[in-house]
Each structure stands twice: as structure tokens, then as C-alpha cells.
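Listed below are the residues making up each chain.
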Amino acid sequence: MIFFDDAAAPAVPDKHLLPLFFIFSFFAAVGLSFGLHAMIVGHDHVFGTSREVPWGILITPYVYFACLSTGLCIISSLGQIFRMKTFVPLINRTVFLAIITMLAGLVTIGLEVENPWRVLIYGIISANPLSNIWWKSALYTMFVLLMIFNFLFLLTNKTRIARRFAIGALIAITCGNLNMNSDMALLGARGFWAENYMPLFFLIMSTLLACCVLSLQIFLSNGLQNRTIDSKTGSSITAISRFVTLLLIGVLFFCFMKILGGFSTEFTKNPLAMDLLIHGSFAINFWLGELFLTALLPLFLIFLFWRKKLTILFAFACFSSTVGIFITFYDLIIVGQLVPHYHEYNLFGYPEYYSYSPSLHEYMMTLGIFFFFFACSVLGEVLLNSAHLRKSKG
């Protein structure tokens, strides 16, 4: 095998991370066991979803990790495809993270659909090219396979062949990401997701999320191993901080458009959803999560980071933005569904808004997916260092 034979070698500097890997794996198994129980007893008995609100909080980590994988692929392509020297030191890490984040997203959607094996069976024997969901499944599966081959060829120093797989992966994941809002528009509350700027919104949020998670991963990796960030990686972090600043300005524009939609019906196709987001029960999510945590606080911390040169400030900015983006995706998925399908007809007996509250199973499965990602990230540190050790020996 390529690097597993060196993973437990004494010379691997982060061998002590293996206990952390097993701890994360345990919590991941506990969370995912709730998903197995939900499959056995039926989702309708343990989920907080309903016919009116068919998508719950489990769609949030799916969108979160799918967008994160998209952004990581974009960052890796800057160094691998477009050969920007600043991003070259990040190629191996970003490619590996892109693989495990997409796997986390696919595991999430597999648990959410209750019968995931039907996707594998009927997606092949009765493929429907006119189906939006079929294309999404095919593109994401193709992306994972292309990135795995890309990663393997990178480890064996066959960079030219790896670059070809990277180009194919970038095309596949970009098409899948641009198609994200069309998936959501399959539900009744189309107007909330079919705004003209949604494809650009997903690309910007994906790249911002990837920059923040990648930076956090680098900081935590070096901190846990008592290492200092080398000069090349430091230059990459500086470039990422500038990139993040531009992306945060774009996020502020999207927040401004939502605020306009909440105060004027001329700026949105679904005023009831926007009113619920800006003024109603989701207002705290928007003003605190989407606006403050995602954009305003990170911008302030990055400004201090540039003045005082303290990397901890940029780390806090990245953490704040990652939390805020999760809240943003949750609001994006849930709020639009809470508007009754035929609200414009003023039907008798219809509520003003539907209701939804995540169940214990949904919370535990969501936590399980995140611990799955944490476990894979820690394992990746061991494997990547093992591959580096093998390369230095050769």
C-alpha cells in the first residue's frame, strides 16, 4: 500500500493524533447509529419533518459539506491547474479534504433519504437524464472518483496525470454546485431559492467556507503538533486572508439583498419567507448568524489581523464564518418551506406559516457527520505525513 505501512512509524511526527482519531470515530459511530435506528423504525417516527416540511436539518450538513468540497476543489485548482505558486503548498491537503467532505455530504444525504440503496440501484438501471437529482448524484459520484485518482497520482508524484483528473473534477463539481438551487426549487417554495443571484451565492459561499476550514485545519494541525507554520504555508495563509476579505464583501451584498427583500416586496419573489427571516422567528438567525458571525465579525478580526499580525485573530475570524455559514444554509433550507404552498389564495384553515423543530435523531446524526469529518481529517494528518516521510526516504 502507498502509505499505511508508515502510519505507525516512530518518525511520523503526529503519531500521537491516533488516539484523537479513535475518539472522534467513536462519537461519529454513536451519531450515525441514530441514523441506522431511523432506517429501521422509519423516518416518520423519529424525524421532525412532515409532508409540509419534508426537508429538515439533515439537508444542512449535506449542502454544507458539498459546498465545502466545491470550494476546496477550487482552491486546489488554483495551484494544481492554474499553477499559482502561492497555493501549490496546499494542493495535497485541499485534495484530501475535498474527498472526505464530499463523502461526508453523500453519507448525510444517504441517511436522510431513508433508502439510500435505491439510489445506487435505480440510478444505474433506470437512469433519467431529465432528472435534476440524478444529475446531481452522478456528478458528485464522478467528482469523488476523479479526486481519489487525483490524490493517488499526487502521492506517486505523477503530477501531469493528476492534473488531468483535477480538471475533470473541477468541471464536475462546478456543474453540481451551480445546480444546487435547482434541486431546492423542486419543493413548493420555489421563490425563496430561485433568485437570480443564487448560483453566484453558492460559489462564493463555497469558496469562503473552504478558505476558512482550510485555514483552521492548518492552524489546528500545527498547534496540536507544536509546529510553526513554514514560510510557504504562511504566504498561502496571507493570500487566503485577502481572498476571504473579498468573499466577505460579496456575502455582505447577499445579506443586503435579503434585508431589502425583508423590507420591500419589490426585491424578492417570496416576501413571506423574507419577512420571516428578517422580522420573524428566524430574525436572530439572520442578524446574529448570517450577518454578524458570517461577515461583520470576521471582517473586523481580519482587519486587526493585518494590523497586529496575530494569526489567532484570523483563526477566530475563520471559525466565526464557518459557524455563520452553517446557520445561513439552515435558514436557506428551512425558511422557504415554512411558507404554505397556496398561501396566495387565502385558503380557510391554512396556517400563516408551517412549523419545524429538529428531533433528537436529527441532531445526533448531524453531530455524527461532523465527527466523521473530524476523524477523517485527523487520519489525513497521519497519512499525509506518512506519505511525506516515505518521499523523504526515497
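Below or above, wherever it landed, is the structure these notes cover. Values in this document were obtained by computation on a predicted structure and should not be read as measured data.

### A look at the overall build of the protein chain
- Helix and strand counts for the protein chain come out as 15 helices and 0 strands.
- Considering only contacts within the protein chain whose residues lie at least 6 apart along the sequence, 80% involve residues at least 24 apart.
- Approximately 18600 Å² of the protein chain is accessible, and the part contributed by carbon and sulfur atoms is 68%.

### Section: the packing of aromatic side chains
- Inspection of every chain in the model, using the stated rule, returns 27 aromatic pairs.
- Relative to Phe371, the ring of Phe24 lies with its centre 6.0 Å away and its plane at 40°, an arrangement referred to as tilted. With Phe24 in helix α1 (residues 18–41) and Phe371 in helix α15 (residues 360–393), this residue pair connects regions lying 347 residues apart in the sequence.
- For Phe24, a relative accessible area of 18% puts it in the buried group.
- Relative accessible area serves as the criterion here: at 21%, Phe371 is assigned to the partly exposed category.
- Measuring from centroid to centroid gives 5.7 Å for Phe24 and Phe374, while their planes differ by 50°, and the two rings are tilted. Highlighted residues: Phe24 in helix α1 and Phe374 in helix α15, separated in sequence by 350 residues.
- Since its relative accessible area comes to 33%, Phe374 is described here as partly exposed.

### Observations concerning the nonpolar core
- The biggest cluster of nonpolar side chains holds 113 residues, and the ones touching the most others in it are Val63, Phe143, Phe201, Phe202, Phe314 and Phe329.
- A total of 15 residues in this core trace back to one element, the largest contributor, which is helix α10 (residues 198–224).
- Listed in part, the 6 residues of the second largest apolar core include Leu17, Phe21, Phe24 and Val378.

### Remarks on unusual backbone geometry
- Phi at Arg83 is positive, roughly 55°, even though this residue is not glycine.
- With respect to the helices and strands, Arg83 occurs in the loop between α3 (59–80) and α4 (91–112).
- Since its relative accessible area comes to 57%, Arg83 is described here as exposed.
- A positive phi is found at Asn157, a non-glycine position, where the angle reads about 65°.
- Relative to the helices and strands, Asn157 resides in the loop between α6 (132–155) and α7 (159–178).
- Judged by its relative accessible area of 48%, Asn157 is partly exposed.

### Considering the state of the cysteines
- By the definition in use, this model includes 0 disulfides.
- Looking at the unpaired Cys212, the closest cysteine sulfur is the one in Cys318, lying at 4.3 Å.
- Take Cys212: its relative accessible area is 1%, and that puts it in the buried class.

### So, the packing of α10 against helix α11 (residues 231–263)
- Running from N to C, α10 and α11 cross one another at 145°; their axes reach a closest spacing of 9 Å. α10 and α11 meet at a crossing whose hand is left-handed. Note on element contacts: α11 touches α10 through Thr233, Ile237, Ile240, Phe243, Val244, Leu247, Leu248, Val251 and Phe254, opposite Leu200, Phe201, Ile204, Met205, Thr207, Leu208, Cys211, Leu214, Ser215, Ile218 and Phe219.
- Classifying every residue of the contact of α10 with α11 gives 17 nonpolar, 3 polar and no charged.

### Topic: the side chain of Gln337
- Following the sequence through the fold, Gln337 ends up in the loop between α14 (311–334) and α15.
- Under the relative-accessibility criterion, Gln337 is labelled buried at 4%.
- A polar atom in the side chain of Gln337 sits 2.9 Å from the backbone oxygen of Ile333.

### As for α10
- If you check α10, its first and last C-alpha atoms are 38 Å apart, about what 27 residues at 1.5 Å a residue would give, namely 39 Å.
- With 21 of its 27 residues buried, α10 lies for the most part within the structure.
- Directly beyond the C-terminal end of α10, a positive phi value near 55° is found at Asn226.

### Topic: the packing of helix α13 (residues 283–308) against α14
- It is at 8 Å that the axes of α13 and α14 come closest, and there the two elements cross at 160°. Regarding the angle of α13 to α14, the classification is roughly antiparallel. The way α13 lies across α14 gives a crossing that is left-handed.
- Grouping the constituent residues of the contact of α13 with α14 by class yields 16 nonpolar, 8 polar and 2 charged.

### Structural notes on the pattern of salt bridges
- Tallied over the entire structure, the rule returns 2 salt bridges.
- Arg93 is paired through a salt bridge with Glu381; the nearest N and O atoms lie 2.5 Å apart. Here the residue Arg93 occupies a position in helix α4, and Glu381 occupies one in helix α15, the gap between them amounting to 288 residues. Of the two residues, Arg93 and Glu381, both sit in the buried class.

Cut-offs and rules
- Along each chain, numbering runs from 1 in the same order as the chain's sequence is written.
- pLDDT decides what is reported in this predicted model: residues at 70 or higher carry local features, side-chain atom pairs at 80 or more are listed and counted, and totals for whole chains, interfaces and linings draw on all residues regardless.
- Where side-chain values are given, they derive from all heavy atoms of the structure, hydrogens and water being excluded.
- Note on conventions: DSSP H or I runs of at least 4 residues are helices, E runs of at least 2 residues are strands, and numbering of each starts at the N terminus.
- It only takes one pair of heavy atoms within 4.5 Å for two residues to be counted as in contact.
- Reported accessibility uses the Shrake-Rupley method at a 1.4 Å probe radius. Residues are deemed covered only where the shown protein chains occlude them.
- Here a pair means two rings of Phe, Tyr or Trp (six-membered ring of Trp) with centres within 6.5 Å. Their orientation is stacked below 30 degrees between planes, edge-to-face above 60, and tilted elsewhere.
- Exposure categories follow from relative accessible area, calculated using a 1.4 Å probe and restricted to protein chains: below 20% of the type maximum is buried, above 50% is exposed, and the middle band is partly exposed.
- As used here, the term nonpolar core means buried Ala, Val, Leu, Ile, Met, Phe, Trp, Tyr and Cys residues forming a set that is joined through side-chain atoms within 4.5 Å.
- Disulfides are defined as pairs of cysteine sulfur atoms found within 2.5 Å of each other.
- Lines fitted to C-alpha atoms define the axes here, with helix axes fitted over just the stretch in contact, and angles between the N-to-C directions of these axes take values from 0 to 180 degrees.
- Note on convention: near helix rotated counterclockwise from far helix by under a right angle means a left-handed crossing. Clockwise means right-handed.
- Residue polarity follows a fixed list, in which Ala, Val, Leu, Ile, Met, Phe, Trp, Tyr, Cys and Pro are nonpolar, Asp, Glu, Lys and Arg are charged, and the others, Gly among them, are polar.
- Polar contact is defined as a pair of N or O atoms within 3.5 Å, subject to the rule that within protein one atom must be able to donate a hydrogen and the other to accept it, and that residues adjacent in sequence are counted only when both atoms are side-chain atoms.
- For a helix, the expected span equals 1.5 Å multiplied by the number of residues minus one.
- The scheme is simple: roughly parallel for angles under 35 degrees, roughly antiparallel for over 145, roughly perpendicular for 65 to 115, oblique for anything else.
- Each salt bridge in this description consists of a side-chain nitrogen of Lys or Arg and a carboxyl oxygen of Asp or Glu lying within 4 Å of one another.

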